[in-house]
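The lines below spell out each chain.
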Amino acid sequence: MQNIIGLWLYSLKQYLLMCILLSSPARLPNNLNLLVLTLGSYFLIGFSLVDEHRGYFAVFAQILLELLMLGLIAYFGLRWKNILSRFQQTFSALAGINLVISAVSIPVYRVARNVQADSDTLVIYVTLMTLLWNLAVLSLVFKRALEISTHFSAMIAFNFFVIYQFILYRFY
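From a predicted model like this one, the values you see are computed outputs, not experimental measurements. (Residues numbered from 1 in each chain as written. Predicted model: local features only at pLDDT ≥ 70, side-chain atom pairs only at ≥ 80, totals over all residues. Heavy atoms only, no water.)

**Q** So what about the pattern of salt bridges? Which residues, and what values?
**A** Under the criterion given, the structure shown has 2 salt bridges. The partner of Asp-51 in a salt bridge is Arg-54, with the nearest N and O atoms 3.8 Å apart. In this structure, the salt-bridge partner of Arg-86 is Glu-147, at a minimum N-O distance of 2.7 Å. Pair noted here: Arg-86 is in the loop between α3 (56-80) and α4 (87-115) and Glu-147 is in the loop between α5 (121-146) and α6 (150-171), with a separation of 61 residues, a long-range link. For Arg-86, a relative accessible area of 26% translates into the label partly exposed. (Salt bridge = Lys/Arg side-chain N within 4 Å of Asp/Glu carboxyl O. Helix = DSSP H or I, 4+ residues; strand = E, 2+ residues; numbered from the N terminus. Buried < 20%, exposed > 50% of the residue type's maximum accessible area, 1.4 Å probe, protein only.)

**Q** So what's going on with the side chain of Ser-139? Which residues, and what values?
**A** Residue placement: Ser-139 occurs in helix α5. Here Ala-154 takes part through its backbone nitrogen, which lies 3.2 Å from a polar atom of the side chain of Ser-139. Setting aside residues no more than four positions away along its own chain, Ser-139 makes contact with Thr-150, Ser-153, Ala-154 and Ala-157. (Polar contact = N/O pair within 3.5 Å; in protein donor to acceptor, adjacent residues only side chain to side chain. Contact = heavy atoms within 4.5 Å.)

**Q** With reference to specific residues and values, describe the packing of aromatic side chains.
**A** This model, assessed by the stated rule, comprises 8 aromatic pairs. Consider the rings of Phe-47 and Tyr-56, whose centres lie 5.5 Å apart with planes at 70 degrees: the pair is edge-to-face. Within the aromatic cluster, the residues linked to one another by ring pairs are Phe-43, Phe-47, Tyr-56 and Phe-60. Note that Lys-81 overlies the ring of Trp-80, its terminal NZ or CZ placed 5.5 Å from the centroid. (Phe/Tyr/Trp six-rings, centres within 6.5 Å; stacked < 30°, edge-to-face > 60°. Lys NZ or Arg CZ within 6 Å of the ring centre and 35° of its normal.)

**Q** Please set out the side chain of Thr-90 residue by residue, giving values where relevant.
**A** Considering the arrangement of structural elements, one finds Thr-90 in helix α4. Classification of Thr-90 by relative accessible area gives buried; the value is 2%. Ignoring sequence-local partners within four residues, the contact set of Thr-90 consists of Pro-25, Ala-74, Leu-78, Val-141 and Ala-145.

**Q** So what's going on with the environment of Ala-74? Which residues, and what values?
**A** Within the secondary structure layout, Ala-74 lies in helix α3. Residue Ala-74 is classed as buried on the basis of its relative accessible area, which comes to 1%. For the pair Ala-74 and Thr-130, spaced 56 residues apart in the sequence, the C-alpha separation amounts to 22 Å.

**Q** Go over the environment of Leu-131 with me, naming the residues and quoting the values.
**A** Within the fold, Leu-131 resides in helix α5. Here Leu-131 falls in the partly exposed class, since its relative accessible area comes to 25%.

**Q** Go over unusual backbone geometry with me, naming the residues and quoting the values.
**A** If a residue is not glycine, its phi is most likely negative; likewise, a peptide bond is most likely trans. Despite not being glycine, Leu-21 has its phi angle at roughly 65 degrees, a positive value. For Leu-21, the location among the structural elements is in the loop between α1 (2-19) and α2 (32-46). We classify Leu-21 as partly exposed; its relative accessible area is 42%. With phi around 55 degrees, Glu-147 is a residue other than glycine that occupies positive phi space. According to the relative accessible area criterion, Glu-147 is partly exposed, its value standing at 48%.

Take a look at the structure:
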């Protein structure tokens, strides 16, 4: 168990490095237990979004949809490139970067919302910066995992975001 925690902390370090565009999914250990820990942590952080407007089921469904879409993109992209053996590392990277970005952006968003009670300008800037950061990191992971160009990976990340937001809009 201690070895798994140590490997997960190493993975967490790699997720952080990916979030500042300094690492790639290839550096992650290929271990299913680490993926389960990452997914569990992501759900736990996501549950901090539960409030009077969103319940546990809504947050769970939103995270599940996001992970399902990212998993499908990774699966079909890796299958297309005939490198499906990288799926676990790629999916772990996608879940891990979302874990880190959520862990950073949720408190920042709440502080911005409380500081600017009258004006939503700061909240809009924080949301926009988080969105751009997330798209850049997703693009990096797709680029390095699928071995594709930056433009193509950016298009995949942007289209994921648009489709994901469209589906969320239809549900809510």
